[in-house]
Amino acid sequence: MRRSALLCLLVLLAACAPLERTPAEPTPKRPFPVVTPIRSPEPIRTVAPTGHGRPYTAEMIAVVLRERVSYNFPSVLQTPWLAEVLADRIWTYDGLPYRELLIDGHCTESRPYWCELSVQGLPGFATSRDETDVYFFPDVRPAEGFIKESRQVALGGLPSTLVPELDALVRSLDTEGRLNVFALVAASWALPPPDDGYILTYRRGDLEAATLIDVTVDRRDRTILSMVITQCGDMPNCTEGPVAP
C-alpha cells in the first residue's frame, strides 16, 4: 500500500515538472526582390559619316503605322498623309534609319478628331537609352490634314562621347565667363540649319528650380549661335529670354 502511494506521487511529480522546449529555429528572412536592371543597348554600327538626314520614305512609315504600333493606336492616324508628313519631319543624326522606331498617339473621341503624336527613335550606334530622339506633335487634325510644327523636340540621339568635346568648345567660346558657375546637364543635336549644330543646357546650382541656359553652338564654324535663359531661378536680376552670345 505504501509502495503504491509512493509510485502515484512520483507519477504526479513527473506530470507537473516543466517541459523543456526545443528552441524553434528562426524563421528565415524573405530575400529582397532582385530588380533586373535595364540593359544598355549594344551598338549595331558606328556613326555614319554622312551627317544628318531624313532616312525614311512614306512607304516605310506607313508600314510602321500599320504593323508596329500598339493595338489601341488610333486608326484615323494610319493614313498615307501622315506617313508622308512624318517621313519629311523625322531626321536622324547620321542619316540612317533608327534601330528602334516607336510611334504612339491618341485622339479625342469627338469629331472632328484632335490628336497628339509622339515618335521615339534609338540610333544604331546608341550605347544607352539616353541616346534617344523624341519628336512630339501636340496638334494633329487628320480631317484637315493639319499637323503643328514640333517645338518639343529632344534629340538626344547623338554619340555620348561627343558631349565633353562640345562642352569644352562652348566654354572656350564663352570669353566673358558667364557659364563659369553653371554645370552641363543635357545635350542634344539640332535640326539643320546649321549642318552641325548642338544645344547644350546648363544649370546654375543643384536645385530643380535653378537657372537654366540653353546654348546653341555650331561645331563646324566654332560659333555660339544663341544663349537663351529658359528658367530663372537662383540668379539675381534674371530675365528669361535671349542673352547676347
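Placed above this text is the structure.
Residues numbered from 1 in each chain as written. Predicted model: local features only at pLDDT ≥ 70, side-chain atom pairs only at ≥ 80, totals over all residues. Heavy atoms only, no water.

Peer 1: So what exactly am I meant to see when it comes to the overall build of the chain here?
Peer 2: Of regular secondary structure, the chain possesses four helices and ten strands. Traced from its N-terminal end to its C-terminal end, the chain shows the element sequence α-α-α-β-β-β-β-β-α-β-β-β-β-β. Residue burial in the chain is summarised as follows: out of 245 residues, 35% are buried. Put simply, 52% of the contacts in the chain that link residues at least 6 apart link residues at least 24 apart. When the accessible surface of the chain is split by element, carbon and sulfur atoms take 56% of a total near 16,100 Å². (Helix = DSSP H or I, 4+ residues; strand = E, 2+ residues; numbered from the N terminus. Buried < 20%, exposed > 50% of the residue type's maximum accessible area, 1.4 Å probe, protein only. Contact = heavy atoms within 4.5 Å. Areas by Shrake-Rupley, 256 points an atom, 1.4 Å probe, with all protein chains shown as cover.)

Peer 1: Explain the state of the cysteines to me, please; I cannot follow it from the model alone.
Peer 2: Think of a disulfide as a covalent bridge from one cysteine sulfur atom to another cysteine sulfur atom. Evaluated as defined, the whole model comprises one disulfide. The disulfide partner of Cys107 is Cys115, and the gap between their sulfur atoms is 2.1 Å. Between Cys107 and Cys115, the disulfide has an S-S torsion of 105° and is therefore right-handed. The residues Cys107 and Cys115 share a single accessibility class, namely buried. (Disulfide = S-S within 2.5 Å.)

Peer 1: How should the sheet that holds strand 6 (residues 182-189) be read in this particular structure?
Peer 2: Two pairing modes exist for strands in a sheet, parallel and antiparallel, and in both the strands are linked by backbone hydrogen bonds. Read from one edge to the other, the open sheet built from five strands follows the order 6-7-8-9-10, with strand pairing classed as antiparallel. With one partner strand each, in any of the chains shown, strand 6 and strand 10 (241-243) form the two edges of the open sheet. This sheet shows a mean twist of 25° between the axes of neighbouring strands, independent of strand direction. Relative to strand 8 (residues 212-218), strand 7 (residues 197-204) runs antiparallel, the two sharing seven bridges. If you follow Arg203 over to strand 8, its bridge partner there is Leu212. (Pairing = 2+ DSSP bridges. Axes fitted to C-alpha atoms, helices over the stretch in contact; angles between N-to-C directions.)

Peer 1: When you look at the packing of aromatic side chains in this model, what are you seeing that I'm missing?
Peer 2: Two aromatic rings are characterised by how far apart their centres lie and by the angle between their planes. In this structure the tally under the stated criterion is four aromatic pairs. Centre to centre, the rings of Tyr56 and Tyr98 are 6.3 Å apart; their planes meet at 35°, and the pair counts as tilted. Linking Tyr56 in the loop between helix 1 (2-16) and helix 2 (58-67) with Tyr98 in the loop between helix 3 (80-89) and strand 1 (100-107), this pair joins segments that are 42 residues apart in sequence. Tyr56 gets classed as buried once you look at its relative accessible area, which sits at 10%. The exposure class assigned to Tyr98 is buried, which follows from its relative accessible area of 8%. Aromatic side chains Tyr93 and Phe125 sit 6.0 Å apart centroid to centroid with 65° between the ring planes, which places their arrangement in the edge-to-face category. Separated by 32 residues along the polypeptide, Tyr93 in the loop between helix 3 and strand 1 and Phe125 in the loop between strand 2 (115-122) and strand 3 (133-141) bring together distant segments of the chain. With relative accessibility at 9%, the residue Tyr93 sits in the buried group. Using a relative accessible area of 6% as the deciding quantity, one classes Phe125 as buried. (Phe/Tyr/Trp six-rings, centres within 6.5 Å; stacked < 30°, edge-to-face > 60°.)

Peer 1: When you look at the pattern of salt bridges in this model, what are you seeing that I'm missing?
Peer 2: Any two side chains of opposite charge can pair, given that their charged atoms come close. Overall, the coordinates contain twelve salt bridges when judged by the stated rule. Between Asp174 and Arg178 there is a salt bridge whose closest N-O contact spans 3.4 Å. Between Arg220 and Asp195 there is a salt bridge; the shortest N-O distance is 3.9 Å. With Arg220 in the loop between strand 8 and strand 9 (223-231) and Asp195 in the loop between strand 6 and strand 7, this pair connects stretches of sequence that are 25 residues apart. Looking at Arg220, the relative accessible area reads 56%, which means it is exposed. Look at Asp195 and you get partly exposed, because its relative accessible area is 48%. Each of the salt bridges in this network shares a partner with another, and the network as a whole consists of Asp139, Arg141 and Glu144. (Salt bridge = Lys/Arg side-chain N within 4 Å of Asp/Glu carboxyl O.)

Peer 1: Help me understand helix 3 in this model?
Peer 2: Along an α-helix, a turn takes 3.6 residues, which lines up residues three or four apart on a common side. Residues Leu82, Ala83, Val85, Leu86 and Ala87 constitute the buried set of helix 3. Tucked into the core, helix 3 has its buried residues touching helix 2, strand 1, strand 2, strand 3 and strand 4 (146-147).

Peer 1: Explanation requested: the layout of surface pockets in the structure shown.
Peer 2: One water molecule sets the probe size; rolling that probe over the atoms shows where empty space is left. Reported here for the largest pocket is a volume of approximately 190 Å³. Considering the residues around the largest pocket, the lining is formed by Val153, Ala186, Ala187, Ser188, Ile199, Thr201 and Asp214. Those elements giving two or more residues to the lining of the largest pocket turn out to be strand 6 and strand 7. Per-element tally for the lining of the largest pocket: the top contributor is strand 6, with three residues. In terms of residue class, the lining of the largest pocket is made up of four nonpolar, two polar and one charged. (1 Å grid on protein atoms, 1.4 Å probe; cavity = no way out; pocket = protein on both sides within 12 Å on 5 of 7 lines; lining within 4 Å. Points joined across faces, edges and corners; volume = space filled by probe spheres on them. Nonpolar A, V, L, I, M, F, W, Y, C, P; charged D, E, K, R; others polar.)

Fair warning: the whole summary comes from geometry, so function is off the table for now.
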